[in-house]
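Coordinates in review
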Amino acid sequence: MTGAVSKLAAPRPAAPPLSPASLRTPALAFAPSARRFRVSIAGRARSPIVAMASAKEGNGAPTKRTSLHDLYEQQGLSPWYDNLCRPVTDLLPLIASGVRGVTSNPTIFQKAISSSSAYDDQFKQLISAGKDAESAYWELVIKDIQDACKLFEPIYDETDGADGYVSVEVSPRLANDTQGTVEAAKWLHKVVNRPNVYIKIPATAECVPSIREVISNGISVNVTLIFSIARYEAVIDAYLDGLEASGLSDLSRVTSVASFFVSRVDSLVDKMLEKIGTPEALALRGKAAVAQAKLANQLYQKKFSGPRWEALAKKGAKKQRLLWASTGVKNPAYPDTLYVDSLIGPDTVNTMPDQALLAFIDHGTVSRTVDANVSEAEGVYSALEKLGIDWGEVGKQLELEGVDSFKKSFDSLLVSLQEKGNSLKTASV
């Protein structure tokens, strides 16, 4: 943690922001003469983001090897990409550059579908076939997820089901509906019908029992919107309970990740610290998220060891990996790789949005940090509590905001699809 915190005093310039119109899948364009590759978004070069390949072929031409490969091979962290849109084949250069999985959410699909004409033909066919807006939405999403799963299937196979997943989230309208979430997860798993799909379920109090039941049905789950250590422990227990209740003799194909959100924690806690305004409070800005994440990793180490876990491991069970989510830096005063560089370690995943991914390829540091200076992380966590920061309340507020944000994206897209569908019906009359 010391390294991460010390960088805050003299932050590097952040990567140039991507405009909303350019939030599309990066493609990596290689420039052999320069022995480097340029990162381009939607076919346009994104200068000055220039990432040096970390290994070169013997003939002097660059390979597609990047620091993302080093993250996995040297440190055991799987770099994933937090975005998905058409054409899904744009993911191929990213896979070649070391990306090992993809996450999606209602906001990602709202941006993708509303800003691209790539979905229009399929949407017209669905409306002509009598589908309503929500049914059409799921058809569009499922196709993207199936196509992406196919691209990542080789990684899934090579790792014997340990990596290469694509995540799709149940309707955010079900965030407080235990049984509705279970049924939605079963349905999504059935219709996507790919071995390397993760069904995303939010870690709300109502959905923690859903996680247990879905896991017990042999369905792999990405648990999302985790903002506190207390809720994270409940999520781990739901996974372990689900494995034990499954009755399966071979647990090797039921896997899970726990998506622990990072940058949003600093965004909220920093505001609280600025409101307190004392030198002690202000000195803790930018430290809360990484501190809590490091303590979450300590809990992971504790829960996935001992007799209970060993009994499950004998049946082939895989650990529920910690996935660092919300890793894009929102405060430009902080290093743009803060939430990647600071949380590197084995059996973890980091799903990165465009800016964080490009920044890490360009100048990230591949070094084990997730379990370094844990005592300092404990000190930060305690110091924040002494200042009156209630970690439980922080988690509760961020969870409410996260669920609400996804609901708004989902509802907004359905309204726009409904309007588009109505106009198509009118035009065909």
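Anyway, here's the lowdown on the structure attached to this text. (Residues numbered from 1 in each chain as written. Predicted model: local features only at pLDDT ≥ 70, side-chain atom pairs only at ≥ 80, totals over all residues. Heavy atoms only, no water.)

1. Side note on the packing of aromatic side chains
- Across all of its chains, the model carries 14 aromatic pairs by this definition.
- Consider the rings of F304 and W309, whose centres lie 5.1 Å apart with planes at 85 degrees: the pair is edge-to-face. This pair shows no difference in class: F304 is buried, exactly as W309 is.
- Grouped by ring-pair contacts, the aromatic residues W80, Y156, Y165 and Y198 constitute a single cluster.
- A cation over a ring is seen here: R100 above Y72, with NZ or CZ 3.5 Å from the ring centre. (Phe/Tyr/Trp six-rings, centres within 6.5 Å; stacked < 30°, edge-to-face > 60°. Buried < 20%, exposed > 50% of the residue type's maximum accessible area, 1.4 Å probe, protein only. Lys NZ or Arg CZ within 6 Å of the ring centre and 35° of its normal.)

2. Remarks on the pattern of salt bridges
- Tallying each qualifying case throughout the model produces 22 salt bridges.
- In this structure, R285 engages E274 in a salt bridge whose closest nitrogen and oxygen atoms are separated by 3.5 Å. Remark: E274 occurs in helix α10 (residues 263–276) and R285 occurs in the loop between α11 (279–282) and α12 (288–303); sequence separation between them is 11 residues.
- According to the relative accessible area criterion, R285 is partly exposed, its value standing at 32%. (Salt bridge = Lys/Arg side-chain N within 4 Å of Asp/Glu carboxyl O. Helix = DSSP H or I, 4+ residues; strand = E, 2+ residues; numbered from the N terminus.)

3. So, empty space enclosed by the protein
- Tallying each qualifying case throughout the model produces two cavities of 30 Å³ or more.
- Taken as a whole, the largest cavity spans an internal volume of roughly 50 Å³.
- Lining the largest cavity are E169, V170, S171, P172, A175, P202, L225, V403 and F406.
- By volume, the second largest cavity amounts to about 30 Å³.
- Along its surface, the second largest cavity is lined by S104, N105, P106, F109, Y137, V168 and E169.
- Every element with two or more residues in the lining of the second largest cavity is listed here: α4 (106–115) and β5 (166–169).
- Tallied by class, the residues present in the lining of the second largest cavity amount to four nonpolar, two polar and one charged. (1 Å grid on protein atoms, 1.4 Å probe; cavity = no way out; pocket = protein on both sides within 12 Å on 5 of 7 lines; lining within 4 Å. Points joined across faces, edges and corners; volume = space filled by probe spheres on them. Nonpolar A, V, L, I, M, F, W, Y, C, P; charged D, E, K, R; others polar.)

4. Observations regarding unusual backbone geometry
- The step from R86 to P87 runs through a cis peptide bond, and the omega angle for that step is -5 degrees.
- Mapped onto the elements, P87 comes out in the loop between β4 (77–81) and α3 (91–96).
- Of note, D160 is a non-glycine position whose phi angle comes to about 55 degrees, a positive value.
- The residue D160 is located in the loop between α6 (133–158) and β5 in this model.
- Here D160 falls in the partly exposed class, since its relative accessible area comes to 46%.
- Here the phi dihedral of S326 falls at roughly 55 degrees; this positive angle occurs in a residue that is not glycine.
- Along the chain, S326 turns up in the loop between β9 (321–325) and α14 (338–341).

Honestly, it's all geometry; don't read function into it.
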